[in-house]
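# Structural description and commentary
Now for the letters of each chain:
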Amino acid sequence: MEFVDEKRYRKIKNGVGRAVADFNLIEEGDRIAVAVSGGKDSYTLLHILEALRRRAPVKYDLVAFTIDSGYPGFRSDVIAAHLKEHGFSHHVEATTHYDIIKEKRRPGSSYCSICARLKRGVLYTLAQQHGCNKLALGHHLDDFVETLLLNQFFVGTLKAMAPRMLADNGATTVIRPLVYVEEREIIPFARENRFPVVCCCCPVCGKADIQRKRMKELLKELERENPAVKRSLLRALANVQPRHLLDRELQRVCEVP
């Protein structure tokens, strides 16, 4: 695929390439499942990984998976048509997640959290069924720092996301190659290249949950004084000083001679 803005494309591609190198995200012989929801982030991830694959010094394969959660009106056919046009191997998995969510979701709780957990379980299963040893997700830099703040403010834990981690099933390695890419680069990239973005059609489609929205607003406010605040927060995740934290287990480890 020929991308519209060469400068923006190179910036995103270089960010993904740096993440791949820094965290050893892709290795020889990998078969990578890419979760494609129909949103700007997952389209960008898939197309950039394919662009890298064509010139990579290691050989790897990509397989795109879309989870149809059963929300009325979800246009998985639009996603499938785009990926077929560009030669991607693609599978749509139909589920009854909407019915489960309607039954199990607590009043006032987030649709997104329970939906994400259900989708993740299906993706792990699909990855194994199709011989994929890795699962690539479209979380970008903003997702990392927003999750860090959410956990600190509302959960009381000092954690965010990992660019690479072994899933609980012990068989699938989850990778997040967009860790260095900001959302403000992805939005125009997806628009300029006419990616056919589709809504998941859940009852809160297009709306950030209240707590995450507050984190986005906080970061915007902080950026007025320090434009590099998000990248500073990301660097903090790679510059942990255990001796200066309150975790008792870490304190004991640090005290061992």
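These remarks concern the structure in this document.

The rules behind the values
- Along each chain, the written sequence defines residue order, and numbers are assigned to residues from 1.
- Totals for whole chains, interfaces and linings use every residue, but because this is a predicted model, local features are given only for residues with pLDDT of at least 70 and side-chain atom pairs only at 80 or more, for both listing and counting.
- No hydrogens and no water enter the side-chain calculation; it runs on all heavy atoms of the structure.
- Helix numbering and strand numbering both begin at the N terminus, where a helix is a DSSP run of H or I of at least 4 residues and a strand a DSSP run of E of at least 2.
- The globule rule used here is 2.2 Å times the number of residues to the 0.38 power, and the radius of gyration it is set against is calculated over C-alpha atoms.
- Burial status follows relative accessibility: with a 1.4 Å probe on protein chains alone, a residue under 20% of its type maximum counts as buried, one over 50% as exposed, and anything between as partly exposed.
- Strand pairing requires that DSSP identify at least two bridges connecting the strands.
- The handedness rule is simple: strands pointing away from the viewer, and a clockwise path from the first strand over the helix to the second, make the crossover right-handed.
- Nonpolar cores were defined as sets of buried Ala, Val, Leu, Ile, Met, Phe, Trp, Tyr and Cys residues, with membership established by side-chain atoms within 4.5 Å.
- By definition in these notes, contact holds between two residues if any of their heavy atoms fall within 4.5 Å.
- Grid spacing is 1 Å over the protein atoms alone, the probe is 1.4 Å, and a cavity is where that probe fits but cannot get out, while a pocket is an open set with protein on both sides within 12 Å along at least five of seven lines and lining residues have an atom within 4 Å of a point.
- Grid points are joined across faces, edges and corners, and a volume is the space filled by probe spheres set on the points.
- In this classification, the charged set is Asp, Glu, Lys and Arg, the nonpolar set is Ala, Val, Leu, Ile, Met, Phe, Trp, Tyr, Cys and Pro, and all remaining amino acids, among them Gly, are polar.
- The rule is short: rings of Phe, Tyr and Trp, with Trp giving its six-membered ring, pair when the centres are within 6.5 Å, and they are stacked under 30 degrees, edge-to-face over 60, tilted in between.
- Only the contacting stretch of a helix is used when fitting its axis, a line to C-alpha atoms as for every element, and angles between N-to-C directions run 0 to 180 degrees.
- Pairs of N or O atoms within 3.5 Å make up the polar contacts considered here, provided that, within protein, one atom can donate a hydrogen while the other can accept it, and that residues adjacent in sequence are counted only when both atoms are side-chain atoms.

## Concerning the overall build of the chain
Across its full length, the chain holds ten helices and six strands. Its C-alpha radius of gyration of 19 Å places the chain within 12% of the 18 Å reference for a compact globule of 257 residues. When the backbone C-alpha atoms are referred to their principal axes, the chain occupies close to 55 × 50 × 40 Å. Burial statistics for the chain: of 257 residues in total, 41% are counted as buried.

## Points about unusual backbone geometry
Here the phi dihedral of asparagine 24 falls at roughly 55°; this positive angle occurs in a residue that is not glycine. Residue position: asparagine 24 is located in the loop between helix 1 (6–23) and strand 1 (31–35).

## What about the pairing of strand 3 (residues 90–94)?
Both strand 2 (residues 61–68) and strand 3 contribute to a ladder of five bridges, which runs parallel. Following the sheet pairing, isoleucine 67 is matched in strand 3 by glutamate 93. What joins strand 2 to strand 3 is helix 3 (residues 76–85), and the crossover it makes is right-handed.

## Remarks on the nonpolar core
In this structure, Val16 and Val34 are the most contacted members of the largest nonpolar core, which totals 44 residues. Elements with a minimum of two residues in this core: helix 1, strand 1, helix 2 (40–55), strand 2, helix 3, helix 6 (141–155), helix 7 (183–192) and helix 8 (210–225). Top element by residues in this core is helix 2. It accounts for seven residues. Every residue in contact with valine 16, bar those within four places of it in the chain, is listed here: Ile48, Leu49, Leu52, Pro177, Leu178 and Val181.

## Considerations on empty space enclosed by the protein
Applying the stated criterion across every chain yields a total of one cavity of 30 Å³ or more. Of the volumes computed, that of the largest cavity is approximately 30 Å³. In terms of lining residues, the largest cavity is bounded by Ile67, Ser69, Gly70, Tyr71, Phe74, Lys119 and Cys200. Grouping the constituent residues of the lining of the largest cavity by class yields four nonpolar, two polar and one charged.

## Topic: the packing of aromatic side chains
Applying the stated criterion across every chain yields a total of seven aromatic pairs. Summarising the aromatic geometry, the rings of phenylalanine 23 and tyrosine 180 are spaced 6.0 Å apart at their centres and angled 40° between planes, so their arrangement reads as tilted. Remark: tyrosine 180 occurs in the loop between strand 6 (173–175) and helix 7 and phenylalanine 23 occurs in helix 1; sequence separation between them is 157 residues. On the accessibility criterion, phenylalanine 23 (31% relative accessible area) is partly exposed. Here tyrosine 180 falls in the buried class, since its relative accessible area comes to 14%. Ring geometry for tyrosine 43 versus phenylalanine 195: centroids 5.7 Å apart, planes at 40°, classification tilted.

## Here we look at the sheet that holds strand 5 (residues 164–166)
With respect to topology, six strands assemble into an open sheet ordered 3-2-1-4-6-5, the strand pairing being mixed. Looking at strand neighbours, the two that pair on one side only are strand 3 and strand 5, the edges of this open sheet. Sheet twist, expressed as the average angle between the axes of neighbouring strands with direction ignored, equals 25°. Packed on one face of the sheet, helix 3 meets strand 2 and strand 3 and runs near 170° to strand 3. Against the sheet, helix 5 (residues 111–129) touches strand 1, strand 2, strand 3, strand 4 (134–136) and strand 6, its axis set at about 140° to strand 2.

## Quick look at the side chain of lysine 134
As for its placement among the helices and strands, lysine 134 is situated in strand 4. For lysine 134, a relative accessible area of 1% gives the class buried. One polar contact links the side chain of lysine 134 to the main-chain carbonyl oxygen of leucine 25, over a distance of 2.8 Å. Here glutamate 27 takes part through its side chain, which lies 2.8 Å from a polar atom of the side chain of lysine 134. Residue contacts for lysine 134: discarding those within four places in its chain leaves Asn24, Leu25, Ile26, Glu27, Asp30, Arg31, Ile32, Ala33, Arg164, Thr172, Thr173 and Ile175.

## A few points about the layout of surface pockets
A water-sized probe, rolled over the atoms, reveals where empty space remains. Roughly 370 Å³ of volume is contained in the second largest pocket. As for the second largest pocket, its lining consists of 14 residues, of which Met1, Phe3, Tyr9, Ala51 and Arg54 are closest to the centre. Looking at the lining of the second largest pocket element by element, the count peaks at six residues for helix 2. Among the residues making up the lining of the second largest pocket, the classes are represented as six nonpolar, two polar and six charged.

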